[in-house]
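The primary structure of each chain is shown beneath.
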Amino acid sequence: MRRRMSRLVSVGALVLAGFSAIAVAAEDKFAVQVPGGISLGECRGYDDWAAVSISHPQEPKEKLNLIVANPTMIDAYRAGIPGNGKAFPDGSKTAKVMWRPKASEVSPFAVQEPEKLLGVGCMVKDSKRFADTGGWGYGQFTYDAVTDTFAPDTVAQGNDAKCGVACHQAASATDYVFTSYGKR
């Protein structure tokens, strides 16, 4: 009887350890931080945010991007920002989920769909914290499918939250945001 109970306790401990490892791995995704910059955790919940739009850049490599935003930013879009000349409010957050595309195997016509997750980009509006970058902090995170982990993309990012301002300067008239909220 003791032996059976001991095995049950051991199995229970292993199951609990497995669940704990899964929980820690899920938390680690959001702990990833650009050195001196923002963390992916600052865009926690991006996988449930509303879609703003899609983009399909083809240079330097073909990608499918889904741009999503938190409720604060979606409300601002719906109120006409940035087209009305106003800036997004502090607390606005947007994420870009990037995939390598592939042709659909089941669609009867030519359709590209996500194949491999490449990474996630994140923008956070905080006018005080990011005063020298138009109020926005930026983070790029690459995804490694082999380890199922994210890492800061310091090649694109550099080592601070300012990396995106150089590229996003071209969109200064739209509060440094490239993506418009399409009519629905």
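Above: the structure in question.
Residues numbered from 1 in each chain as written. Predicted model: local features only at pLDDT ≥ 70, side-chain atom pairs only at ≥ 80, totals over all residues. Heavy atoms only, no water.

Engineer: Sorry, what's going on with the packing of aromatic side chains here?
Structural biologist: Centre-to-centre distance and the angle between the planes together describe a pair of aromatic rings. All chains considered together, the criterion is met by 4 aromatic pairs. Pairing Phe88 with Trp136 gives two aromatic rings, centres 6.1 Å apart and planes at 70°, and the pair type is edge-to-face. Highlighted residues: Phe88 in the loop between helix 2 (71–78) and strand 3 (93–103) and Trp136 in strand 5 (residues 136–144), separated in sequence by 48 residues. Taking relative accessible area as the criterion, Phe88 reaches 2% and is therefore assigned buried. What makes Trp136 buried here is its relative accessible area of 0%. Relative to Phe150, the ring of Tyr143 lies with its centre 5.1 Å away and its plane at 55°, an arrangement referred to as tilted. By relative accessible area, Phe150 is classed as buried at 11%. One aromatic cluster in this structure is built from Tyr77, Phe88, Trp136 and Tyr181. A cation over an aromatic ring shows up here: Arg184 above the ring of Tyr181, its NZ or CZ 4.0 Å from the ring centre. (Phe/Tyr/Trp six-rings, centres within 6.5 Å; stacked < 30°, edge-to-face > 60°. Helix = DSSP H or I, 4+ residues; strand = E, 2+ residues; numbered from the N terminus. Buried < 20%, exposed > 50% of the residue type's maximum accessible area, 1.4 Å probe, protein only. Lys NZ or Arg CZ within 6 Å of the ring centre and 35° of its normal.)

Engineer: Explain the state of the cysteines here, please?
Structural biologist: A covalent bond bridging the sulfur atoms of two cysteines is what the word disulfide describes. Summed over all chains, the structure comprises 1 disulfide. Across the disulfide, Cys43 is cross-linked to Cys122 (sulfur-sulfur distance 1.8 Å). The sign of the 75° torsion about the S-S bond sets the Cys43-Cys122 disulfide as right-handed. Pair noted here: Cys43 is in the loop between helix 1 (2–31) and strand 1 (50–55) and Cys122 is in strand 4 (residues 112–125), with a separation of 79 residues, a long-range link. By relative accessible area, Cys43 is classed as buried at 0%. The buried category is assigned to Cys122, whose relative accessible area is 3%. (Disulfide = S-S within 2.5 Å.)

Engineer: I'm lost on the pattern of salt bridges in this one. Help?
Structural biologist: In a structure, side chains of opposite charge can pair up when their charged atoms sit close to one another. Across all of its chains, the model carries 3 salt bridges by this definition. Across the pair Asp175 and Lys125 runs a salt bridge whose closest N-O atoms are separated by 2.8 Å. Here Lys125 lies in strand 4 and Asp175 lies in the segment after helix 4 (163–168), a separation of 50 residues in the sequence. Taking relative accessible area as the criterion, Asp175 reaches 10% and is therefore assigned buried. (Salt bridge = Lys/Arg side-chain N within 4 Å of Asp/Glu carboxyl O.)

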